[in-house]
Amino acid sequence: MAIRNIREYGDELLTKKCKEVTEVTPRIKDLIEDMLETMYEANGVGLAAPQVGILKRIVVIDVTGAESYILINPRIVESSGEQVGVEGCLSLPDRHGIVARPNYVKCVALDVNMKPVEVEGTELLARAICHELDHLDGHMYVEKMEGELRDNGVEYEDEK
Ligand code: NI
């Protein structure tokens, strides 16, 4: 396993649409292992393959530190409610923004054995699923944010 370099906002690759995965090759297994390691090392709750320079529809998510999800070719099939809150991205270090997302989503995907899996979540998990899936279509949270990009470590009135 290895830590991979995380592409930062402004990198053209982060604006590209990713391709579906048709087969989990040993190379893709390595990529997934590296994505998990890279996400944990950076203290992130999710990472999408384009963030490490690979234009494939793969994301990893772990919002609790206790359960990681590996989602291949993921799609959101149900969503409801709304949450408005702070969101950040490993491709935009030391910044965050306020973003509205559904409060509940259900996602279908394939696991590393190309078997169908279903993940549903609320709150942070729902937010992470939406955020990571956006990366696969070349989108970042800054496009959806309310107001300006904010600096981490600064106290904002509306976040108290
Ligand atoms: Ni991100």
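Note: the structure precedes this text.
Report follows, based on the coordinates. Values in this document were obtained by computation on a predicted structure and should not be read as measured data. (Residues numbered from 1 in each chain as written. Predicted model: local features only at pLDDT ≥ 70, side-chain atom pairs only at ≥ 80, totals over all residues. Heavy atoms only, no water.)

Here we look at the overall build of the chain
Here comes step 1: Helices and strands together make up the secondary structure of the chain, namely two helices and eight strands.
Here comes step 2: Taken from N to C terminus, the helices and strands of the chain fall in the order α-β-β-β-β-β-β-β-α-β.
Here comes step 3: For the chain, whose C-alpha radius of gyration is 15 Å, the value lies close to the compact-globule estimate of 15 Å for 160 residues.
Here comes step 4: Principal-axis analysis of the C-alpha atoms places the extent of the chain at approximately 50 × 35 × 30 Å.
Here comes step 5: Here the chain holds 160 residues, and the buried ones make up 43% of them.
Here comes step 6: Sequence separation of at least 24 residues holds for 65% of the intrachain contacts in the chain that already meet a minimum separation of 6.
Here comes step 7: Total accessible area on the chain stands at roughly 8,600 Å², and carbon and sulfur atoms take up 46% of it.
Here comes step 8: Here the chain contributes 18 positively and 31 negatively charged side chains, and the mean placements of these two sets differ by 7 Å. (Helix = DSSP H or I, 4+ residues; strand = E, 2+ residues; numbered from the N terminus. Rg over C-alpha atoms; globule rule 2.2 N^0.38 Å. Buried < 20%, exposed > 50% of the residue type's maximum accessible area, 1.4 Å probe, protein only. Contact = heavy atoms within 4.5 Å. Areas by Shrake-Rupley, 256 points an atom, 1.4 Å probe, with all protein chains shown as cover. Lys, Arg positive; Asp, Glu negative; His and termini not counted. Charge placed at Lys NZ, Arg CZ, Asp CG, Glu CD.)

Let's talk about the sheet that holds strand β8 (residues 145–151)
Here comes step 1: The three strands are arranged β4-β5-β8 in an open sheet whose pairing can be described as antiparallel. Among the strands making up the open sheet, the edge pair consists of β4 (83–87) and β8. Across the sheet, the axes of successive neighbouring strands diverge by a mean angle of 20°, strand direction being ignored.
Here comes step 2: By the bridge criterion, five bridges tie β4 to strand β5 (residues 95–101) in an arrangement that is antiparallel. (Pairing = 2+ DSSP bridges. Axes fitted to C-alpha atoms, helices over the stretch in contact; angles between N-to-C directions.)

Observations regarding the coordination of the nickel ion
Here comes step 1: Protein-derived coordination of the nickel ion comes from Cys-89 (SG), His-131 (NE2) and His-135 (NE2), at a distance range of 2.0 to 2.2 Å.
Here comes step 2: Each donor residue of the nickel ion lies on one chain, and together they are spaced C-x41-H-x3-H. Here His-131 and its partner His-135 are both found in helix α2 (residues 123–136), four residues apart, which amounts to about one turn of the helix. An identical accessibility class is assigned to His-131 and His-135; each is buried. (Donors = N, O, S within 2.8 Å, 3.2 Å for Na, K, Ca; no water.)

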